[in-house]
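# Structural description and commentary
The chain contents come next:
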Amino acid sequence: KKIAIFASGAGSNAQKIIEHFHHTNNGTAEVALVVSNKPTAGVLWIAEKENIPTLLIDKERFFKEDGYVPVLLEKKIDFIVLAGFLWKIPQALIDAYRNRIINIHPALLPKYGGKGMYGSFVHEAVVNAKESESGITIHYVDEHYDNGDIIFQAQCPVHPFDTPEMLAERIHALEHKHYPVVIEELLTNLS
Ligand code: GRF
C-alpha cells in the first residue's frame, strides 16, 4: 500500500510515520509521497533526507482544477494521511479517496475543532477554558473541517499551570506514539 502524507509544517508526525513504515512494516506499506503547499515547510526537508518524492502543490490547481487527483492516481497512492496540513481538502479529492483520507487533530473532537482551530490556537483555547483533560483525535476527512467519523482518541491531563506550549509538547508525544500505529491498522483492513 502506498501512503501520501500531506503536511504544511515542521513535519514531526510525518517523520514518525516514515520511520515506522521503514522499520516495522516489512514492506507491506510505504510512504511513497510527501505533499506540501508550503515551499519552506520542514516536512519537505525530512522527505528529501528520507529519499521520499515530494510534491509542492499550487492553490489554484488544488481548489479550482483537478485537486491533483490524476497525479495521486498515477502514483498509485492508496491512502492519504494529513499531518498538520492546513488547507481544506477539495471535493474532487474527497470523492476520489472517500474513507481513505485521515487527519489528526490535537484535541478531543468535537470540542476545539473547526476553522481556525489548529496548532497553538487549539492549546491556547483548551488552557484558557481550564479543561482538566485534552488529547488527540484521528478521524476520517469529509467536506467539513474536523467533522468526519472518529477513528481513535487518546487523552492526556491538562495541569492547572500548563502553558499552551507545555500542553503542545504533551500532545505531540501522544500523536507520535499513536498515529503510525493507527495508520498501520487501517491499512491492514483496507481492501
Ligand atoms: C499536530 O499537532 C497536528 O495535530 C496538527 O498539526 C500539528 C503538526 O505538527 N494538525 P508536525 O508538523 O507534525 O510537527
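Residues numbered from 1 in each chain as written. Predicted model: local features only at pLDDT ≥ 70, side-chain atom pairs only at ≥ 80, totals over all residues.

### Points about the overall build of the chain
Here is the rule we go by: Starting at the N terminus, helices and strands are each numbered in turn, a helix being any DSSP run of H or I of at least four residues and a strand any DSSP run of E of at least two. With the radius of gyration taken over C-alpha atoms, the globule rule is written as 2.2 Å times the number of residues to the power 0.38. A residue is called partly exposed when the number of other C-beta atoms within 10 Å of its own lies between 12 and 20, exposed at 12 or fewer, and buried at 20 or more, with C-beta atoms placed from the backbone.
From N to C terminus, the chain includes seven helices and seven strands. Counted from the first residue to the last, the chain has its helices and strands arranged as β-α-β-α-β-α-α-β-α-β-α-β-β-α. Radius of gyration (C-alpha) of the chain: 16 Å, near the 16 Å computed for a compact globule of 191 residues. In terms of its C-alpha atoms, the chain occupies a principal-axis envelope of roughly 50 × 40 × 35 Å. The buried share of the chain, taken over its 191 residues, is 37%.

### Points about the nonpolar core
Counted only if it meets this: As used throughout, a nonpolar core is a set of buried Ala, Val, Leu, Ile, Met, Phe, Trp, Tyr and Cys residues joined through C-beta atoms within 7 Å of each other. The contact criterion used here is simple: two residues whose C-beta atoms, placed from the backbone, lie within 7 Å are in contact.
Ile5, Ile17, Val34 and Val81 are the most contacted members of the largest nonpolar core, which totals 53 residues. For this core, the element with the most residues is helix H7 (residues 164-188), which contributes six residues. Apart from the residues lying within four places of it in its own chain, the contact partners of Val34 are Ile5, Ala7, Ala14, Val43, Leu44, Ala47, Ile52 and Thr54.

### Comments concerning the UniProt feature "binding site: (6R)-10-formyltetrahydrofolate" (unreviewed entry) in the chain
So the rule is basically this: UniProt positions are given in the numbering used here, feature names are shortened, and annotations may be inferred rather than shown by experiment.
Feature annotation in UniProt places "binding site: (6R)-10-formyltetrahydrofolate" (unreviewed entry) on Lys64 and Asn103, given in this structure's numbering. Tracing the backbone shows Lys64 in helix H3 (residues 59-64). Accessibility expressed as a C-beta count within 10 Å gives 11 for Lys64, which makes it exposed. As for its position among the elements, Asn103 is in strand S5 (residues 101-105). We classify Asn103 as buried; it has 23 C-beta atoms within 10 Å.

### Quick look at the packing of helix H1 (residues 12-24) against H7
We apply this condition: Each axis is a line fitted through C-alpha atoms, taken for helices only over the stretch in contact, and angles between the N-to-C directions span 0 to 180 degrees. Angular relationships are summarised with four words: roughly parallel below 35 degrees, roughly antiparallel beyond 145, roughly perpendicular across 65 to 115, and oblique for the angles in between. Whether a crossing is left-handed or right-handed is set by the direction in which the near helix is turned from the far one by less than a right angle, anticlockwise for left-handed and clockwise for right-handed. In this classification, Asp, Glu, Lys and Arg are treated as charged, Ala, Val, Leu, Ile, Met, Phe, Trp, Tyr, Cys and Pro as nonpolar, and every other residue, Gly included, as polar.
Between H1 and H7, the shortest axis-to-axis distance is 9 Å and the interhelical angle comes to 40 degrees. By the angle class used here, H1 and H7 are oblique. As H1 runs across H7, the sense of the crossing is right-handed. Residues Ser12, Asn13, Lys16, Ile17 and His20 of H1 lie in contact with H7, whose contacting residues are His172, Glu175, His176, Tyr179, Pro180 and Ile183. Residues of the contact of H1 with H7, tallied by class, amount to four nonpolar, five polar and two charged.

### Quick look at the site of the ligand
Applied cut-off: What makes a residue near a molecule or strand is its C-beta atom, placed from the backbone, lying within 6 Å of it.
Around the ligand sit 16 residues, and of these Gly9, Ser12, Asn13, Gly84 and Pro106 come closest. Those elements giving two or more residues to the shell around the ligand turn out to be H1, S5 and H7. Split by residue class, the shell around the ligand holds seven nonpolar, eight polar and one charged.

### Notes on the UniProt feature "binding site: N(1)-(5-phospho-beta-D-ribosyl)glycinamide" (unreviewed entry) in the chain
According to UniProt, the feature "binding site: N(1)-(5-phospho-beta-D-ribosyl)glycinamide" (unreviewed entry) maps to Gly11, Ser12 and Asn13 in the numbering used here. Here Gly11 is to be found in the loop between strand S1 (2-6) and H1. With respect to the secondary-structure elements, Ser12 resides in helix H1. C-beta crowding within 10 Å serves as the criterion here: with 18 such atoms nearby, Ser12 is assigned to the partly exposed category.

### Some details on helix H6 (residues 119-128)
Spelled out, the test is: Each direction from the helix axis to a C-beta atom contributes to the arc, which is the arc of those directions.
Residues Val122, His123, Val126 and Val127 constitute the buried set of H6. Along the axis of H6, the buried positions cluster into a sector of 130 degrees, meaning they face one direction only. Facing away from the buried side of H6, by more than 90 degrees, are the exposed residues Ser120 and Asn128. The inward-facing, buried residues of H6 abut strand S6 (133-140) and H7. Among the residues trailing H6, Lys130 stands out with phi positive, at a value near 55 degrees.

### Brief notes about the sheet that holds strand S2 (residues 30-36)
We apply this condition: By the convention used here, strands pair only if DSSP detects at least 2 bridges between them.
Strand order across the open sheet formed by seven strands is S3-S2-S1-S4-S5-S6-S7, with mixed pairing between neighbours. Each edge of the open sheet is held by one strand with a lone partner, namely strand S3 (54-56) and strand S7 (150-157). Between one strand axis and the next, the sheet turns by 20 degrees as a mean value, whatever way the strands run. As paired elements, S5 and S6 share four bridges and run antiparallel to each other. Following the sheet pairing, Ile102 is matched in S6 by Tyr140. H1 rests against S1, S2, strand S4 (79-82) and S5 of the sheet, and its axis sits at about 165 degrees to S2.

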